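# Coordinate inspection notes
Below, each chain spelled out in residue letters.
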Amino acid sequence: MAAPSQAIVPTDAELLQAQADLWRHSLYYLTSMALKCAVELHIPDAIHNLGGSTSLPELLTTLSLPQTKLPFLGRVMRLLVTSGIFASDGSNGDGEEAVYRLNPLSWLLVEGVESEDHTYQKYFVLGACSRHFVEAGMSLAEWFKKDLAMPLPSPFEDLHGVPPAHESTKLLDEELDRIVEEGIAAHDNLAIRTIIRECSDIFSGLPSLTYCCGRQGNVSAAAIVKAFPNMKCTVLNLPRVVETTAAPADDAVSSVTSDLFQTIPPAKAVMLKLVLHFWSDEDCVKILEQCRKAIPSKEDGGKVIIIEILLGPYIGPIMYEAQLLMDLLMMVYTKGRQRNENDWRQIFTKAGFSNYKIVKKIGARSVIEVYP
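Residues numbered from 1 in each chain as written. Predicted model: local features only at pLDDT ≥ 70, side-chain atom pairs only at ≥ 80, totals over all residues. Heavy atoms only, no water.

## Re the environment of serine 130
What counts here: Strands are runs of DSSP state E lasting at least 2 residues, helices are runs of H or I lasting at least 4, and numbering of each runs from the N terminus. Each residue gets one of three labels from its accessible area relative to the maximum for its type: buried under 20%, exposed over 50%, partly exposed in between, using a 1.4 Å probe on protein chains only.
In this structure, serine 130 sits in the loop between α6 (122-128) and α7 (131-138). Since its relative accessible area comes to 10%, serine 130 is described here as buried. As for serine 130 and glycine 74, which are separated by 56 residues in sequence, their C-alpha atoms are 24 Å apart.

## Describing the sheet that holds strand β3 (residues 99-101)
What holds strands together in a sheet is hydrogen bonding between their backbones, with the strands either parallel or antiparallel. To be explicit about the condition: Any two strands with at least two DSSP bridges between them are considered paired. Lines are fitted to the C-alpha atoms to define the axes, a helix being fitted only along its stretch in contact, and any angle between axes, read from their N-to-C directions, falls within 0 to 180 degrees.
As summarised here, the arrangement of the 3 strands in space is β1-β3-β2, forming an open sheet in which the pairing is antiparallel. Taken across any chain shown, the strands that pair with only one partner, and hence form the sheet edges, are β1 (53-55) and β2 (87-89). Averaged over all adjacent pairs, the angle separating strand axes in this sheet is 30°, with direction ignored. The pairing of β2 with β3 spans 3 bridges and is antiparallel. From the neighbouring strand, alanine 87 faces β3, where its bridge partner is arginine 101.

## Considering helix α11 (residues 174-189)
One turn of the α-helix equals 3.6 residues, which is why residues spaced by three or four share an orientation. Our working rule: To estimate how far a helix should reach, multiply one less than its number of residues by 1.5 Å. Under this definition, polar contacts are N or O atom pairs within 3.5 Å; protein pairs additionally need one hydrogen-donor-capable and one acceptor-capable atom, and for neighbouring residues in sequence, both atoms have to be side-chain atoms.
With 16 residues, α11 should cover 22 Å at 1.5 Å per step; its first-to-last C-alpha distance of 23 Å lies within 8% of that length. Taken as a whole, α11 has its buried residues at Leu176, Asp177, Ile179, Val180, Glu181, Gly183, Ile184, Ala185, Ala186, His187, Asp188 and Asn189. Between the side-chain oxygen at the start of α11 and the backbone nitrogen of glutamate 175 there is a gap of 2.9 Å, and the oxygen is on aspartate 173.

## Side note on the UniProt feature "active site" (unreviewed entry) in the protein
Rules: UniProt positions are given in the numbering used here, feature names are shortened, and annotations may be inferred rather than shown by experiment. Only heavy atoms matter for contacts: two residues are in contact if any of them lie within 4.5 Å across the pair.
UniProt feature "active site" (unreviewed entry): in the numbering of this structure it lies at His277. Positionally, histidine 277 belongs in the loop between β7 (269-273) and α15 (281-294). Not counting residues up to four positions away in its chain, the partners in contact with histidine 277 are Glu308, Met330, Thr334, Gly336, Arg337, Gln338 and Arg339.

## Notes on the packing of aromatic side chains
Convention followed: Two aromatic rings, drawn from Phe, Tyr or Trp (for Trp, its six-membered ring), form a pair once their centres lie within 6.5 Å of each other, and the interplanar angle then sorts them: stacked below 30 degrees, edge-to-face above 60, tilted otherwise. Two conditions define a charge located above a ring, namely a distance within 6 Å from the ring centre to NZ of Lys or CZ of Arg, and an angle within 35 degrees of the ring normal.
One pass over the full model with this rule turns up 9 aromatic pairs. Consider the rings of phenylalanine 203 and phenylalanine 228, whose centres lie 5.7 Å apart with planes at 45°: the pair is tilted. You can see phenylalanine 203 sitting in the loop between α12 (192-198) and β4 (208-214) and its partner phenylalanine 228 sitting in the loop between α13 (218-227) and β5 (232-237), a full 25 residues away along the chain. Given the relative accessible area of 0%, phenylalanine 203 is considered buried. For phenylalanine 228, a relative accessible area of 17% puts it in the buried group. Members of the aromatic cluster, each reached through a chain of ring pairs, are Phe133, Phe156 and Tyr333. It is arginine 339 that lies over the ring of tryptophan 344; its NZ or CZ is 5.2 Å from the centre.

## Regarding the domain arrangement of the protein
This is how the line gets drawn: Domain delimitation in this document rests on an assignment produced automatically or drawn from a domain database.
On domain assignment, one finds that the protein holds domain 1 (18-113), domain 2 (127-184) and domain 3 (191-371). Of note, the centres of domain 1 and domain 2, computed from C-alpha atoms alone, are 29 Å apart.

## Examining the state of the cysteines
Here is the rule: Any two cysteine sulfur atoms lying within 2.5 Å of each other are counted as a disulfide.
For the coordinates displayed, the defined rule picks out 0 disulfides. Lacking any disulfide linkage, cysteine 129 is separated from the closest cysteine sulfur, that of cysteine 37, by 11 Å. Of the residues examined, cysteine 129 reaches a relative accessible area of 10% and is grouped as buried. Cysteine cysteine 212 remains unbridged, with the sulfur of cysteine 291 as its closest cysteine sulfur at 5.3 Å.

## Some points on the pairing of β7
Where we set the bar: Clockwise travel from the first strand over the helix to the second, with the strands pointing away from the viewer, marks a crossover as right-handed.
Of all 5 residues making up β7, 5 are buried, and the element is well covered by its neighbours. Side chains Ala269, Met271 and Lys273 of β7 all project onto a buried face; the interleaved residues Val270 and Leu272 project onto the opposite face, where all are buried too. Pairing geometry for β7 and strand β8 (residues 303-309), over 5 bridges, is parallel. Residue pairing across strands places methionine 271 opposite isoleucine 305, the latter belonging to β8. What joins β7 to β8 is α15, and the crossover it makes is right-handed.

Here's what the structure looks like:
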């Protein structure tokens, strides 16, 4: 017997708040489009080149935009300031009095910054906000209604006929393929030096490391061997990545092509950084089984280092929401997902590992050691 319905009777104040929240959730895509606009207009670069702060008229002139667009630019900047993408002094972007500044988020969108901790994220924005990606998100309801054969294609693959970040993506759109490759590489390389500083013990004393990244991992590998010069690092890349990536200058870093499902070059430790979330649970088990074959026993110091999102509200609601959005990103565009600790535990066990340790939670990601 069905339980009696619990009628909701909101107060007037609750209804008005609910309506405002509905506006926000329905129109968040406009924030994404405003961010894309700012990137395409090179607004972060302009503010940086103007000494880190600028007025609206000065910004308009620097960008070589028509004077008639001044009030419209102010409205876009006001939203981006309120959304935390830029900072502002003065009238919060409501007119010519406002002074706009970079903050840590927009700093990541400045090209050519000379800093070890700076990883240019322009292409992550352009990929996530591209027409093909937005169309895949818009097709989500239709994808749910379809009775598709296993293995299920992602909504992106079902709609466009090819997956993103795949050798066949060029057949769909060569520019999209380039943007996605650049975006994934920038996303992967971000925060590697933070991990080295905060979790130096995971690398300390390792004579060899196989770094499985899939996307232009030489930048991260070079940072690791710079911090630990006695280490030899092998970067395992996809063939199409190696073909378009210059060989590293450091003899301590070598690049090889291989298939994660077939063989992984042996080393004392294998590191998987932002790889497994692209794959199903079953495929993760297969990849980790190959990792276990590539390393010595736990007694001899063998381990797998995994850097991935660890889903959970432990880091506060905003960071947790970012994690959940990244999970939906995986659902719409790949066959993978983000996972909580219990999900990872089950995968480690099925792959034949004896134990694991969450070394540290860094932002939305975690560093995990897994032992054979």
